[in-house]
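# Observations on the model geometry
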Amino acid sequence: MASIASSSSRLVRGVASSSSSSFSPSHLVASSSSTNSRKHDSASRTRHLSTRTAQHPTQDLQLTLALIKPSVCAYQPDVSAILKEIKQSGLNVARSRRVFWTSADAHAFYAEHRGRFYYDRLILGMISGPALALALYGPHAITHWRALLGPTKAYMGKYSHPHSLRARYGLGDTRNGFHGSDSPESAQRELALVFDGWDTQWWLQREQGRLPADQDGRLNPLGF
């Protein structure tokens, strides 16, 4: 009996000690602190996403083609500086590729300019070396990029828009260093030509969240 009582006493003390250790106030404080920390992190992420959405409203999202022509691509430090400037302006790069156009490629791209007095010079300039093609996106990307470029005639831009890209890197009216789509329709056509039939409408719909999704939230363009 004494042995059982002694064992029972030790068991009670052990349970009491264990209970005290498991449910101490410090444990509750630590648990509460961890929960609050997780809530704070979640709230911070939510605020970050809300801020990012406000800065880049999807209803104004556009894609545009930016070409850095061979006359500028010939000097890599200039290309690096231009890419940095593009990023700092708020535009983003969706796709990029270095292109080596043949005469046929250039004729296909500039078909709407055929017959103009500058057409042959335009073609010769584009096949003189590698160019860099960028698919830029962002709110009002078409007008944004063209504003960075400045006037088509680089020598005029040196006076009217001296800080524009064409004013700083362009050599003349035809060799102005850059190209930018002038409308959503042109952007769609040009991006498809340069990026092998890329479906820009699908890409924009995906970014704007209008594509149908399956039950797990995965994109499902076919809608089933």
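Our structure's up above, just so we're on the same page.
Below: a short report on this structure. It should be emphasised that the depicted structure is a prediction, and the values quoted were computed from it without experimental measurement. (Residues numbered from 1 in each chain as written. Predicted model: local features only at pLDDT ≥ 70, side-chain atom pairs only at ≥ 80, totals over all residues. Heavy atoms only, no water.)

## Side note on the nonpolar core
One broad rule of soluble globular proteins: the nonpolar side chains tend to lie buried together. Counting residues in hydrophobic clusters, the biggest one holds 25 residues, and the most contacted among them are Leu 65, Leu 67, Trp 101, Tyr 110, Leu 191, Val 194 and Phe 195. Of all the secondary structure elements, the ones that give two or more residues to this core are strand S1 (61–68), helix H5 (103–109), helix H6 (119–126), strand S3 (131–139), helix H10 (184–194) and helix H11 (200–207). Ignoring any residue separated from it by four or fewer positions in sequence, one finds Leu 67 in contact with Trp 101, Phe 109, Tyr 110, Met 126, Leu 132, Ala 133, Gly 177, Phe 178 and His 179. Ala 66, Ile 68, Val 72 and Leu 165 belong to the second-largest nonpolar core, a separate cluster that totals 17 residues. (Core = buried A, V, L, I, M, F, W, Y, C linked by side-chain atoms within 4.5 Å. Buried < 20%, exposed > 50% of the residue type's maximum accessible area, 1.4 Å probe, protein only. Helix = DSSP H or I, 4+ residues; strand = E, 2+ residues; numbered from the N terminus. Contact = heavy atoms within 4.5 Å.)

## Remarks on the sheet that holds strand S4 (residues 178–180)
Overall, antiparallel pairing links the four strands, which are arranged S2-S3-S1-S4 in an open sheet. Each of the sheet's edge strands pairs with one partner strand only, and the pair in question is strand S2 (92–99) and S4. Sheet twist, expressed as the average angle between the axes of neighbouring strands with direction ignored, equals 20°. Where S2 lies against S3, seven bridges are found, and the strand directions are antiparallel. Its bridge partner lying in S3, Val 99 is registered against Ala 131. Lying on the sheet, helix H4 (residues 76–88) is in contact with S1, S2, S3 and S4; it crosses S3 at an angle near 10°. Helix-sheet contacts for H11 involve S1, S2 and S3, and the interaxial angle to S1 is about 130°. (Pairing = 2+ DSSP bridges. Axes fitted to C-alpha atoms, helices over the stretch in contact; angles between N-to-C directions.)

## A few points about the packing of aromatic side chains
By convention here, two paired aromatic rings are described through the distance between centres and the angle between planes. Enumeration according to the criterion identifies nine aromatic pairs in this entry. Judged by centre distance (5.0 Å) and plane angle (45°), the rings of Trp 101 and Phe 109 are tilted. Like Trp 101, the residue Phe 109 is buried in the burial classification. Ring plane angle 85° and centroid distance 5.2 Å describe the contact between Phe 117 and Tyr 118, whose orientation is recorded as edge-to-face. Taken together, Tyr 137, Phe 195, Trp 198 and Trp 203 form an aromatic cluster joined through their ring pairs. (Phe/Tyr/Trp six-rings, centres within 6.5 Å; stacked < 30°, edge-to-face > 60°.)

## Re H11
Listed in full, the buried residues belonging to H11 are Thr 200, Trp 203 and Leu 204. With its buried residues spanning 95° around the axis, H11 presents them on a single face. The inward-facing, buried residues of H11 contact S1, S2, S3 and H10. One side-chain oxygen of the residue at the start of H11 lies 3.3 Å from the amide nitrogen of Gln 201, identifying that residue as Asp 199. (Arc of directions from axis to C-beta. Polar contact = N/O pair within 3.5 Å; in protein donor to acceptor, adjacent residues only side chain to side chain.)

## Observations regarding the environment of Gly 90
Along the polypeptide, Gly 90 turns up in the loop between H4 and S2. Residue classification places Gly 90 among the partly exposed positions, given a relative accessible area of 29%. Considered as a pair, Gly 90 and His 144 are 54 residues apart in the sequence and their alpha carbons are 9.1 Å apart.

## Observations regarding the layout of surface pockets
Taken as a whole, the largest pocket encloses approximately 460 Å³ of empty space. Along its surface, the largest pocket is lined by 22 residues, and His 113, Tyr 118, Thr 152, Asn 176 and His 179 are the ones closest to its centre. Of all the secondary-structure elements, those providing two or more residues to the lining of the largest pocket are S4 and H10. The biggest single contributor to the lining of the largest pocket is S4, with three residues. Counted by class, the lining of the largest pocket contains six nonpolar, eight polar and eight charged residues. (1 Å grid on protein atoms, 1.4 Å probe; cavity = no way out; pocket = protein on both sides within 12 Å on 5 of 7 lines; lining within 4 Å. Points joined across faces, edges and corners; volume = space filled by probe spheres on them. Nonpolar A, V, L, I, M, F, W, Y, C, P; charged D, E, K, R; others polar.)

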